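Coordinates in review
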Amino acid sequence: MTAGSQPTKKKSSHWFKSIGASVNGFVTTLPGTIAFGTILYAPLGEEWLGRGITACLLGHLISGVVTVCAAKNKEVIIGPRSFVAVLFSAVITLILGAFETQYGLEVASAIALSACAVIGIFSAILQLIFGYMKIGKIVEFIPSQVVSSLMNVTAFLIFMAQLPRMIGFQKDFFNLGFFQIFNQLSWFAISLSVITILLMLLLPRKTYGIPSSILALVVGILIHSTLHAQLPSQYVATLPSLNPLEDLKLPDFSVEYLAILIEAPQVILAILFTSFSLAILNTLSLLISGKQVEKVTKINSNNDRDLRANGIGNLLVSLVGSVPGTGKAGASLIAANNGGRGITVPLTVSIFYGATILFLAPFLNLLPIPVLASVSAVLSFRLLDAKGKNILLSFFLGRFSKIKQEISYFFVLVSVLLVTLFFNLIAAILVGIVATIIDFLIKTSKFQVKLIEGVSARSRTARSSIEEQYLDNWMHQVVIIDIQGFLLFSVAEALQKNIRSELNNDIGFVIFNMNKVHYLDETGCESLIGIINDLRQNGVVVVITEINENNMLKTVEWQQIVATFAEAERFADLDAALESVEERLLKNVKKDINTDNFVTSSYLFRDLNKGDIDIAMEYLGKKSFKKGQFLHETDNYENDPDLFILSSGTVDVYLIKDDGENNSPSLRLFTYTAGAILGEVSFVDAGARSANVLARTDVECRQLLRSTFQRLKVEHPIIAFQIMQNISKLLSKRLRQTNILVSKS
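Criteria and cut-off values
Residues numbered from 1 in each chain as written. Predicted model: local features only at pLDDT ≥ 70, side-chain atom pairs only at ≥ 80, totals over all residues. Heavy atoms only, no water. Helix = DSSP H or I, 4+ residues; strand = E, 2+ residues; numbered from the N terminus. Buried < 20%, exposed > 50% of the residue type's maximum accessible area, 1.4 Å probe, protein only. Contact = heavy atoms within 4.5 Å. Areas by Shrake-Rupley, 256 points an atom, 1.4 Å probe, with all protein chains shown as cover. Core = buried A, V, L, I, M, F, W, Y, C linked by side-chain atoms within 4.5 Å. pLDDT = per-residue confidence, 0-100. Salt bridge = Lys/Arg side-chain N within 4 Å of Asp/Glu carboxyl O. Polar contact = N/O pair within 3.5 Å; in protein donor to acceptor, adjacent residues only side chain to side chain.

On to the overall build of the protein. Check the secondary structure of the protein and you find 30 helices and 18 strands. Each of the 745 residues in the protein was classed as buried or not, and the buried ones make up 50%. In the protein, of all internal contacts separated by at least 6 residues, the share reaching a separation of at least 24 is 81%. Accessible area of the protein: about 35,300 Å², with a carbon and sulfur share of 60%.

Shown next, in the form of structure tokens:
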């Protein structure tokens with residue numbers, strides 16, 4: 001092989017790898033695309049199922065072709081999403097209610113189809129406007145809580161729409177009484193549904209690259225065909241056989257239909273509002289998908305160009321009566337992570353969708369509707385985001401304290417759900433947006449920056465009196481910048497002014513406490529990075545605490561901030577950051593202190609003179625522990641409990657939470673360093689140990705046994721009395737600290 005042929009071979013292998021990855025992306029999207037197609041025109045009757053599926057398949061095909069020609073980020077797979085199907089279904093229901101009685105089902109259906117096309121066209125035009133006005137970033141500022149609520153409600157609605165089909169009903173399910181439903185149940189359909197759901201849940205998400213949804217559909221078809229052949233009386237409805245040329249019905253934009261629509265202003269308003277909502281949802285989904293794919297591929301995207309490409313694609317799709325699409329993050333990431341790059345991704349997906357329409361569509365009549373409905377039901381549950389799943393799980397398990405933590409999100413979710421059930425999805429979207437924006441503004445108004453001086457904030461680390469005194473003198477060099485709430489473009493300038501006006505030249509350490517930040521946008525990120533760089537240029541040591549995952553998703557902006565810090569400068573919480581800063585301040589002091597001085601200056605010997613301390617020291621033994629060893633373990637009873645004074649090293653004290661499987665440290669109470677006392681509770685009452693004490697480093701300590709202390713009481717009662725009084729004060733102090741800590745945790 002010549003040297004010149006090696007690049008050609010390497011390039012062709014990349015192409016084959018990319019094509020294989022793109023096929024994985026296609027296979028991932030196919031079950032959902034078919035499922036969404038069955039929802040799309042469901043209000044028009046079962047005979048429209050085929051048209052809905054064809055419209056979704058064609059939407060994928062056209063979107064892929066446009067991506068090939070116009071998009072910058074070609075790795076994002078574009079296709080119809082669940083919310084498009086639910087929105088169109090809601091509009092169709094509204095139009096049937098307004099016009100079917102007066103004009104008949106055929107005319108009302110044609111008007112509904114045209115209205116969906118108009119929504120698609122209007123939303124596409126809005127996306128084009130977003131792209132040409134270069135406002136891709138501004139659209140991202142729409143609260144993610146709105147999108148999250150709508151996505152979770154959409155998932156619930158999809159599940160509810162599949163429920164009748166899973167048990168053998170095709171329509172009028174919710175208008176029947178309980179006994180009517182029970183008498184008309186199809187046990188064959190229920191059996192197929194149960195088997196399909198179990199397969200979806202028990203199988204891995206992918207087996208040899210094949211999604212569990214595809215395997216479940218194949219198994220469902222085989223079971224249905226086999227049983228139906230053996231027992232012809234056992235029958236469930238199947239999908240219609242698709243004929244794309246017949247099923248695809250072009251929208252009719254005639255003046256006659258326009259005149260009918262004008263008769264119902266509420267329908268016009270619904271069309272306009274749905275168009276705007278769809279444009280926003282499609283835009284957000286596209287931008288989020290693009291951002292996630294960009295992190296994998298490391299290829300810079302162009303949001304505005306991609307928005308314009310998506311708008312052009314959706315315009316063409318809507319003109320032919322198909323379904324608008326947007327970025328599919330899950331499928332796109334699967335393709336990208338497996339090596340899908342460049343033009344091969346949309347081209348491969350489009351080719352396979354074209355092949356599906358031409359060759360597989362006629363065989364869809366083999367697919368039982370209960371099987372497809374069960375797959376859709378499981379997929380709808382997977383549409384729930386992490387917050388939605390946590391809220392749902394907390395509600396069913398009765399963990400109302402968890403719901404209380406997310407009460408504003410829970411309120412929005414319930415509001416959207418109730419309005420959807422009692423009115424319609426379009427009204428629910430409006431309610432959700434209004435409720436979330438109000439909540440968003442309230443939270444934004446609560447944004448605040450607190451500058452806390454180091455002298456008033458210390459870590460949960462018990463130290464010797466010598467070290468404590470040194471820290472009292474030098475902690476004025478430390479400032480904690482406690483940022484709370486939403487760090488947005490609107491408050492970034494105020495953040496800069498507050499911080500820069502307060503900091504002075506005497507500051508040596510700055511801790512950014514981000515534990516209570518709920519959201520961070522790009523402008524807030526840039527401002528924070530600018531302040532951090534200014535501080536470092538002035539010789540200030542800057543450290544940062546992690547954002548609490550319960551408060552905020554770790555966005556790209558947050559990762560940009562994290563990238564500016566070394567691992568040793570990032571901490572899980574404020575206490576860990578304070579401990580690190582204190583250790584840096586004490587670094588020089590510890591070199592000059594004899595380890596015995598840590599012991600003699602400990603709290604145990606407070607108010608004793610040197611002679612008394614020397615006497616007491618004779619009663620202390622020596623003991624050492626290796627890193628990772630337990631000095632004390634929870635619930636251990638000892639015949640002769642001891643008390644330790646650390647000479648050197650560091651230990652952590654944990655409360656243990658029994659999870660039924662293993663006892664692992666769950667809450668760090670305190671950290672003790674040289675000079676600290678530990679084990680005092682069991683030493684006093686001879687009871688079981690109340691916490692685990694684990695050596696973080698190699699440890700040297702002095703040991704006072706309870707039996708030895710009894711001897712000290714007899715031989716030197718005054719010294720023993722003072723030591724016990726010191727232990728009592730220490731117990732009281734630590735009990736208060738523990739109560740505060742546990743109540744906060």
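What follows covers the nonpolar core. Counting 35 residues, the largest nonpolar core has Leu40, Tyr41, Ile95 and Phe99 as the members making the most contacts within it. Not counting residues up to four positions away in its chain, the partners in contact with Ile95 are Glu100, Ala108, Ile111, Ala112, Ala115 and Val267. In terms of nonpolar packing, the next biggest core, distinct from the first, is built from 34 residues, Leu58, Val66, Phe188 and Ala189 among them.

Another point: the confidence of the model for the protein. Residues with a pLDDT of 70 or more make up 79% of the protein, whose mean pLDDT is 78. Low confidence marks residues 172-179, where pLDDT is under 50. Its contacts with residues over four positions away, or in another chain, come to nine contacts. In this model, residues 659-665 is a region of pLDDT below 50 whose contacts with residues beyond four sequence positions or in other chains number nine contacts.

Across all of its chains, the model carries eight salt bridges by this definition. Glu582 is the salt-bridge partner of Arg458, the closest N and O atoms lying 3.7 Å from each other. Residue Arg458 is located in the loop between β5 (448-453) and β6 (461-462), and its partner Glu582 is located in helix α25 (residues 574-591); the two are separated by 124 residues in the primary sequence. Glu582 gets classed as buried once you look at its relative accessible area, which sits at 1%.

Locating Asp652 in the fold gives a position in strand β14 (residues 651-658). In this structure the side chain of Asp652 is engaged in a polar contact, spanning 2.7 Å, whose partner is the side chain of Thr671. Once you skip the residues sitting within four places of it in the chain, Asp652 turns out to touch Arg668, Phe670, Thr671, Asn692, Val693, Leu694 and Arg696.

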